[in-house]
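Here is how the chains run, residue by residue.
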Amino acid sequence: MTLPNFFIVGAPKAGTDELYYDLDQHPEIYLSPLKEPCYFSTEIRPQYFHPSLRKQAELAAASTRKYLDEGMQHKRFGGIISDPSDYQRLFSRAKHEKGIGEASVCYLWSNSAPAAIASAVPHARIIIVLMDPSERAFRQYLKSVSDGTVWHSFRKHLETAMQRGSELSVYHPFLAFGDYFEQVRHYMQFFPAHQLNISLYEDTCADHQAWFSGVLAFLDVESSFIPQQVEVPSKPRVPRFIGVSHALRIRELKRIAGRALPKRLKTFAKHVIAGSDLPELQPQDRAILIDYYRDTILRLQDLIGRDLSAWLR
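I will try to describe carefully the structure that is included in this document.

Rules used throughout
Residues numbered from 1 in each chain as written. Predicted model: local features only at pLDDT ≥ 70, side-chain atom pairs only at ≥ 80, totals over all residues. Heavy atoms only, no water. Buried < 20%, exposed > 50% of the residue type's maximum accessible area, 1.4 Å probe, protein only. Helix = DSSP H or I, 4+ residues; strand = E, 2+ residues; numbered from the N terminus. Pairing = 2+ DSSP bridges. Contact = heavy atoms within 4.5 Å. Polar contact = N/O pair within 3.5 Å; in protein donor to acceptor, adjacent residues only side chain to side chain. Axes fitted to C-alpha atoms, helices over the stretch in contact; angles between N-to-C directions. Parallel < 35°, antiparallel > 145°, perpendicular 65-115°, else oblique. Left-handed = near helix turned anticlockwise from the far one by under 90°. Nonpolar A, V, L, I, M, F, W, Y, C, P; charged D, E, K, R; others polar.

Right, let's talk about the pairing of strand 7 (residues 196-200) for a bit. The buried fraction of strand 7 is high, at four of five residues. Alignment of strand 6 (residues 125-130) against strand 7, held across five bridges, turns out to be parallel. Bridging from a neighbouring strand, Ile-128 pairs with Ile-198 of strand 7.

Next comes the structure, spelled out in structure tokens:
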């Protein structure tokens with residue numbers, strides 16, 4: 001039975017997708033073809049989704065079942081795995097690779113994952129990348145806008161998230177994903193320091209290759225490997241006019257527009273609606289988030305021994 005010996009556990013939107021695709025190119029590494037199986041996080045199961053998303057979760061489960069049964073012929077982003085035999089199938093093609101891994105960014109937030117991973121794979125190496133929680137939340141919002149699941153302002157999204165309960169939705173664990181102190185401390189309780197690789201998103205930007213080489217050394221594989229640049233499929237593409245874009249997603253409006261607009265005009269409309277540059281987090285919204293995360297940031301910097309004062313400005 002083959003199980004992973006390393007895990008990319010988060011944080012969400014902190015560059016873990018790019019890391020997954022870069023590591024996947026390494027000849028000494030095998031990565032699960034399914035990213036985000038969420039196997040060790042028992043909180044991520046269809047029955048815990050908000051009622052408005054349960055039908056979507058059921059359809060996703062059926063799609064994942066088909067993906068597994070058809071032999072996992074391509075890389076896939078997202079698909080909840082709860083059956084042990086299905087999880088083992090994700091690594092059935094691993095041969096003699098030194099590093100065998102998977103990436104589920106919910107594992108950092110999850111209360112169940114650290115203990116479950118430690119029980120199943122006590123020698124596992126854990127990769128954690130932490131991003132300024134205010135910017136992380138805004139990036140997650142942009143991805144929801146890009147996916148068409150959110151079409152209101154960030155301020156409204158933020159205010160709604162602060163009032164929502166514990167059911168899984170676009171509003172939860174939207175803010176909880178950034179409560180890093182307890183999450184990192186939880187992993188420190190189950191894994192010794194030499195099995196934890198904790199870095200900041202700023203590290204990945206300052207000298208990406210040097211940072212990536214450090215991750216490879218941590219995984220005990222050839223650290224001079226340089227991956228080819230890959231277009232990460234989960235990168236958000238935010239429309240200039242969110243409300244208009246949402247309306248065009250509605251099937252009936254698409255059908256009517258398709259009949260009524262000449263081809264050249266439709267091409268122009270797509271160009272106008274599609275955004276080229278991602279919007280930035282507004283200072284007033286950032287101030288709300290800094291106040292929300294202040295305590296966890298201050299406690300985290302003492303825990304990991306890093307200066308996080310930039311996250312409080």
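Within the secondary structure layout, Phe-7 lies in strand 1 (residues 6-10). Judged by its relative accessible area of 0%, Phe-7 is buried. For the pair Phe-7 and Tyr-107, spaced 100 residues apart in sequence, the C-alpha to C-alpha distance is 8.9 Å. Phe-7 has contacts with Phe-40, Tyr-87, Glu-102, Tyr-107, Ile-117, Val-121, Ala-124, Arg-125, Ile-126 and Ile-127, leaving out every residue within four places of it along the chain.

The next subject is the side chain of Gln-183. Tracing the backbone shows Gln-183 in helix 8 (residues 180-190). At 2.8 Å, the side chain of Gln-183 and the backbone oxygen of Ala-176 are in polar contact. Apart from residues no more than four positions distant in its own chain, Gln-183 is found in contact with Leu-108, Trp-109, Ala-176 and Phe-177.

A word on the sheet that holds strand 1. Taken together, the five strands give an open sheet; going across it, the order is 2-5-1-6-7, and neighbouring strands pair in parallel fashion. The sheet is open, and its two borders are formed by strand 2 (29-31) and strand 7, each paired with just one other strand. Each adjacent strand pair in this sheet contributes to an overall mean axis angle of 20 degrees, direction not counted. The sheet contact formed by strand 1 and strand 6 spans four bridges and is parallel. Bridged to Ile-8 within strand 6 is Ile-127. Lying on the sheet, helix 8 is in contact with strand 1, strand 6 and strand 7; it crosses strand 7 at an angle near 160 degrees.

Interhelical geometry of helix 7 (residues 154-161) versus helix 14 (residues 283-304) gives an angle of 15 degrees and a closest axis separation of 10 Å. What the angle tells us is that helix 7 and helix 14 run roughly parallel. Read as a crossing pair, helix 7 and helix 14 show a hand that is left-handed. Of the residues in helix 14, those touching helix 7 at Phe-154, Arg-155 and Leu-158 are Gln-284, Asp-285, Ile-288 and Leu-289. When the residues that make up the contact of helix 7 with helix 14 are grouped by side-chain class, the tally is four nonpolar, one polar and two charged.

Just geometry here; none of it tells us what the structure is for.
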